[in-house]
Each structure stands twice: as C-alpha cells, then as structure tokens.
Amino acid sequence: MKNWYQTWKTEWEYRKRFSRPRDSFYELAVDYLPKDPQAVILDIGSGDGSFLDHLKLRDKYTRLYPLEGNPVAVEALKTRYPETVHYIAPEPLPFDDHSVSMVHCSHLIEHLKYPDLIRLLKEIDRVLDQDGILMVSTPILWDGFYDNMDHIKPYNPTVIINCLCQEMANPSFDPISERFRVEKLVFRYGKYHNEPFRTSEVKMVDFLLHVSRRIDKWLKIKWTIHNAYTLILRKS
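As the structure is a computational prediction, the values presented were derived from the model and not from experiment. Starting from 1, residues in each chain are numbered consecutively following that chain's sequence as written. For this predicted model, a pLDDT threshold of at least 70 governs which residues receive local features, and a threshold of 80 or more governs which side-chain atom pairs are given and counted, while totals over whole chains, interfaces and linings are taken from all residues. The side-chain figures draw on all heavy atoms in the structure; neither hydrogens nor water molecules are used.

1. As for the pairing of strand β5 (residues 128–139)
Keep this limit in mind: Type-normalised accessible area, obtained with a 1.4 Å probe on protein chains alone, sets the label of each residue: buried when under 20%, exposed when over 50%, and partly exposed for intermediate values. Only DSSP runs of H or I covering at least 4 residues are called helices, and only runs of E covering at least 2 are called strands; the numbering of each starts at the N terminus. When DSSP finds two or more bridges between a pair of strands, those strands are recorded as paired. Orient the strands so they point away from the viewer; a crossover is then right-handed if the path from the first strand over the helix to the second runs clockwise.
Of all 12 residues making up β5, nine are buried, and the element is well covered by its neighbours. Pairing of strand β4 (residues 100–106) with β5 involves six bridges; the strand directions are parallel. Across the sheet, the residue bridging to V103 is L134, located in β5. Crossover handedness for the path β4 to helix α5 (residues 114–127) to β5: right-handed. Here β5 pairs with strand β7 (residues 224–235) via seven bridges, running antiparallel. Bridged to I133 within β7 is R234.

Listed below in structure tokens is the structure:
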C-alpha cells in the first residue's frame, strides 16, 4: 500500500501542472548526486547548461563536463564551464573506462537513429563507474513530437530499460548490459486535446452524459497523456 501511495503521490505532483517546465525534472537528480566533490559528472547534450545551472553544481563539484554539439552553444558554455567538450553523439566519449560517477542526458536521444542510440548507450556503460547514475529525459510520441524537424524517433523508457537492465528477447544486437537497475521513472504530462465526446441517441442518456461533462469541469478533471519522461538508472 505504501509503495502504491508513494507512486500516486509522485505522479500527482507532476500531473497537477500540464507541460511542467523541464527544470522541475532536473530536481529529481538531487537524491542521486555523488557525495564526492571531485566526482566526474557529464551533461551530454548540455544545451545552455540549464541542468548544471539550475542545481548550482559548480558550487559543489570541481569536475563538471558539459558535452554539446552546437559550436555556438559550446563557446557560450565555456565562459562558465571551461571543461566544456564539443561532442556529437554517438562519438566515443573522451573519458576513461569506469571514470564517471553520473551521466545526465536530457532531450538528446530522440534526435538519434536506433543504431546511434545503441552506440551512445554502450559508451555511457563503458565510462560509468560502479554505482554510477544515468539520468535520461526525453519526449515520447504525442501530437507535438514531430513539430521539431530534427526529432527522429521517440523512445519509450522500456527501450532503455531493456537495453541496460535485462537481456532482450530475440535481440538484433548483443545486449549492452544487465548491470543497471531502475531507481525512478517519472512522466511528464500534457493535456489531451482530442478528448473523446460521448453522446447517445437516447435523450435522457445524452442529457446525463452532458451533466457528467459539466461535473468533470467543476471538479477540474482533465484528460492527460504522457508526453515525456525522466528515467534514472543505477549501475551495479
């Protein structure tokens, strides 16, 4: 019962505001940050550095590495994070095996074809140390996913979990790892715009359905969909 309640409570916190801003998901990382101030933290696809900035990680850690593919963004990041690396996924990560304590990867994997995603996950597995944390955030398929021209493919969280946590049935490639376990999975919610509209040829039934819609509105009941998620994995 307690696990069910905690799951509901967490989901409700993220459902009560639609299209919740991305930085609220950054805060999920707080419980999983390394204790060692010299731990290596990678932010792959760092963009403007909002993840590192929002959590004020510069004040806590000395070895932060934003990795970004946009040269303009790289130059801007270097003014605050001199260790910024110009990186285009899924190139080999310029870090030694088992040398990284945490990898944050937000809104990047949806820009990759699946062979490139496999290569990136293999690189993350290679550099991540035992007990290291991988935090992935990405949109999934919804009616606005392909509004962004360079969105290639939505990946459900099960895809990442199957690649890193368990052997896949009939895989088309060798399993990447079975050493990861799921620590947390939180979905982002959006409003379902094409709400089903129930009606009836029976006048009284149709009237009752109309009343129920008004009750839904009064109780602030909304139709919601999953439009993104944050998945946190720990390497054993």
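Don't stop here, the text continues.
2. Section: the nonpolar core
Which entries qualify depends on this criterion: Among buried residues, the Ala, Val, Leu, Ile, Met, Phe, Trp, Tyr and Cys ones that are joined through side-chain atoms within 4.5 Å form a nonpolar core. What makes two residues a contact is simply this: any of their non-hydrogen atoms within 4.5 Å.
By size, the foremost hydrophobic cluster in this structure holds 38 residues, and its most contacted members are L42, I44, I109, L134, I160 and L164. Within the residue set of this core, elements represented by two or more residues are β1 (40–44), β4, α5, β5, α6 (157–165), β6 (180–191) and β7. In terms of residue count, α5 provides more of this core than any other element does, six residues in total. Setting aside residues up to four positions removed in sequence, I109 forms contacts with L117, L120, V136, T138, K153, Y155, I160 and Y229. Among the nonpolar cores identified, the runner-up in size contains 20 residues, and A29, Y32, L64 and I133 belong to it.

3. Notes on a nonpolar patch on the surface
Our working rule: Only residues whose relative accessible area exceeds 30% and that form no salt bridge are eligible for patches; like-charged ones are grouped when within 9 Å, while nonpolar side chains (Val, Leu, Ile, Met, Phe, Trp, Tyr) are grouped when within 5 Å. Here, Shrake-Rupley sampling with a 1.4 Å probe gives the accessible areas, and only protein chains in the shown set may cover a residue. Within this document, salt bridges are pairs made up of a side-chain nitrogen of Lys or Arg and a carboxyl oxygen of Asp or Glu, the two lying within 4 Å of each other.
On the surface, V202, M204, V205, F207 and L208 cluster together into a nonpolar patch covering about 480 Å² of accessible area. Looking at the secondary structure, you find V202 in the loop between β6 and α7 (203–218).

4. Concerning the side chain of T230
Basically, it comes down to this: Here a polar contact is recorded for every N or O atom pair within 3.5 Å, except that within protein the pair must consist of a potential hydrogen donor and a potential acceptor, and residues adjacent in sequence are included only if both atoms are side-chain atoms.
Residue placement: T230 occurs in strand β7. Engagement of the side chain of T230 in a polar contact is seen with the side chain of S137, the distance being 2.7 Å. Filtering out sequence-adjacent residues up to four positions away, T230 remains in contact with F25, L28, M135, V136, S137, K184, L185 and V186.

5. A few points about the packing of aromatic side chains
Here the distance between the centres and the angle between the planes together describe a pair of aromatic rings. Short version of the rule: In summary, the pairing rule links any two rings of Phe, Tyr or Trp, Trp by its six-membered ring, whose centres are within 6.5 Å, and it sorts them by plane angle into stacked for under 30 degrees, edge-to-face for over 60 and tilted for everything else.
A full pass over the atoms with the stated rule returns four aromatic pairs. Ring centres 4.7 Å apart and planes at 85 degrees place the aromatic pair F145 and Y146 in the edge-to-face group.

6. Describing α5
Test applied: Multiplying one less than the number of residues by 1.5 Å gives the expected span of a helix.
For α5, built from 14 residues, the straight-helix expectation of 20 Å at 1.5 Å per residue is met to within 8% by its first-to-last C-alpha distance of 20 Å. Those residues of α5 that sit buried are L117, I118, L120, L121, E123, I124, D125 and V127. In the core, the buried residues of α5 are packed alongside β1, β4, β5, α6, β6 and β7.

7. Some points on helix α4 (residues 71–78)
This is how it is decided: Note that the arc is defined by the directions from the helix axis to the C-beta atoms.
Of the positions making up α4, those classed as buried are A73, V74 and L77. Down the axis of α4, the sector holding all buried residues measures 105 degrees, keeping them to one side. Exposed side chains of α4 directed beyond 90 degrees from the buried face belong to P71, V72 and E75. Looking at the buried side of α4, the elements it contacts are β2 (63–68) and β3 (85–86).

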